[in-house]
Amino acid sequence: MIPSFKLNQKIKRIPKNSDNDDNTFDVTSKRIYVGTFIPGSSKFLFVNLQDEQLQFQGINLDINFKIPQLAKFGADSDGNYYLGGGIQQGKASENFYLLLFNQRSLNRLSPMSAPRAKHAMKYIKKLKSFIVVGGISDLESFKPQKSSEIYNISSNTWSPSA
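Cut-offs used in this document
Residues numbered from 1 in each chain as written. Predicted model: local features only at pLDDT ≥ 70, side-chain atom pairs only at ≥ 80, totals over all residues. Heavy atoms only, no water. Core = buried A, V, L, I, M, F, W, Y, C linked by side-chain atoms within 4.5 Å. Buried < 20%, exposed > 50% of the residue type's maximum accessible area, 1.4 Å probe, protein only. Helix = DSSP H or I, 4+ residues; strand = E, 2+ residues; numbered from the N terminus. Contact = heavy atoms within 4.5 Å. Pairing = 2+ DSSP bridges. Salt bridge = Lys/Arg side-chain N within 4 Å of Asp/Glu carboxyl O. Axes fitted to C-alpha atoms, helices over the stretch in contact; angles between N-to-C directions.

S.K.: Just to check I follow, could you spell out the nonpolar core for this structure?
M.R.: For soluble globular proteins, nonpolar side chains are generally found buried alongside one another. Counting residues in each nonpolar core, the largest one holds 14 residues, and the members touching the most others are Phe37, Phe44, Leu61, Ile67, Leu83, Leu99 and Leu106. Listed by contribution, the elements that provide at least two residues to this core are strand 3 (43-48), strand 6 (81-84) and strand 9 (96-100). Each residue touching Leu83, except ones within four places of it in the same chain, is listed here: Phe37, Ile67, Pro68, Ala71, Lys72, Phe73, Asn95, Phe96, Tyr97 and Leu106.

S.K.: Please clarify how the pairing of strand 10 (residues 105-108) should be interpreted in this entry.
M.R.: Where a strand is regular, its side chains alternate between the two sheet faces. Across 4 bridges, the pairing between strand 9 and strand 10 is antiparallel. Paired with Tyr97 across the two strands is Arg108, which belongs to strand 10. The turn joining strand 9 and strand 10, which pair antiparallel and follow one another in sequence, is formed by 4 residues; a positive phi near 55° is taken by Arg104.

S.K.: Could you clarify how one ought to interpret the pattern of salt bridges in this entry?
M.R.: For side chains bearing opposite charge, pairing can occur when the charged atoms are close. This structure, assessed with the given rule, holds 1 salt bridge. Between Glu149 and Arg116 there is a salt bridge, and its shortest N-O distance comes to 3.1 Å. Placement of Glu149 in strand 15 (residues 148-152) and of Arg116 in the loop between strand 10 and strand 11 (120-124) is noted, with a sequence separation of 33 residues between them. Each member of the pair, Glu149 together with Arg116, is buried.

S.K.: Explain the sheet that holds strand 5 (residues 72-75) to me, please; I cannot follow it from the model alone.
M.R.: Within a sheet, adjacent strands bond to each other through the backbone by hydrogen bonds, running parallel or antiparallel. Read across the sheet, 4 strands follow the order 5-6-9-10 without closing on themselves; strand pairing throughout is antiparallel. If you trace the sheet from one side to the other, it starts and ends with strand 5 and strand 10, each paired once. On average, adjacent strands in this sheet sit at an angle of 30° to one another, irrespective of strand direction.

S.K.: Please explain the sheet that holds strand 15 as it appears in this structure.
M.R.: Reading across the sheet, the 4 strands line up as 11-12-15-16 and stay open at both edges, with antiparallel pairing between neighbours. Each having just a single partner strand, strand 11 and strand 16 (157-160) make up the two edges of the open sheet. With direction set aside, neighbouring strand axes in the sheet form an average angle of 25°. One ladder, built from 5 bridges, connects strand 11 with strand 12 (residues 129-133); its direction is antiparallel. Looking across to strand 12, one finds that Tyr123 is bridged to Phe130.

Below, the structure written as structure tokens:
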């Protein structure tokens, strides 16, 4: 059972056309949840923004693995959550997933071209894509991953970024 607790402050929506980056909520956002994956577990914690009490809630995902350590996640402007990379079975992973909230599961998407852990991942609203940059590819030597790539949501494909 995942405990529920209250937030002490209200979440504010950012006015349209503000100078904030693409990960903020603007008045046109379709997101109704703010959430996070819990590494080493199969849990996703979230706050329903339509709930006046703004309490954290949790779901146990129906997956046969644990959320990887050092993975990154992000949400698109439609409120879909994605999870990429991290450490799985002692190695950096190229796996990339979409959270299927109502089914309480993760849908495996096209993998990244390179395994990554401790990388950066950012949603680019204008491109409707995610960019992943850097990270480590080898846990033994902590060899840096010097490449970057872009995930196109509509085509489920990765391409190198310039």
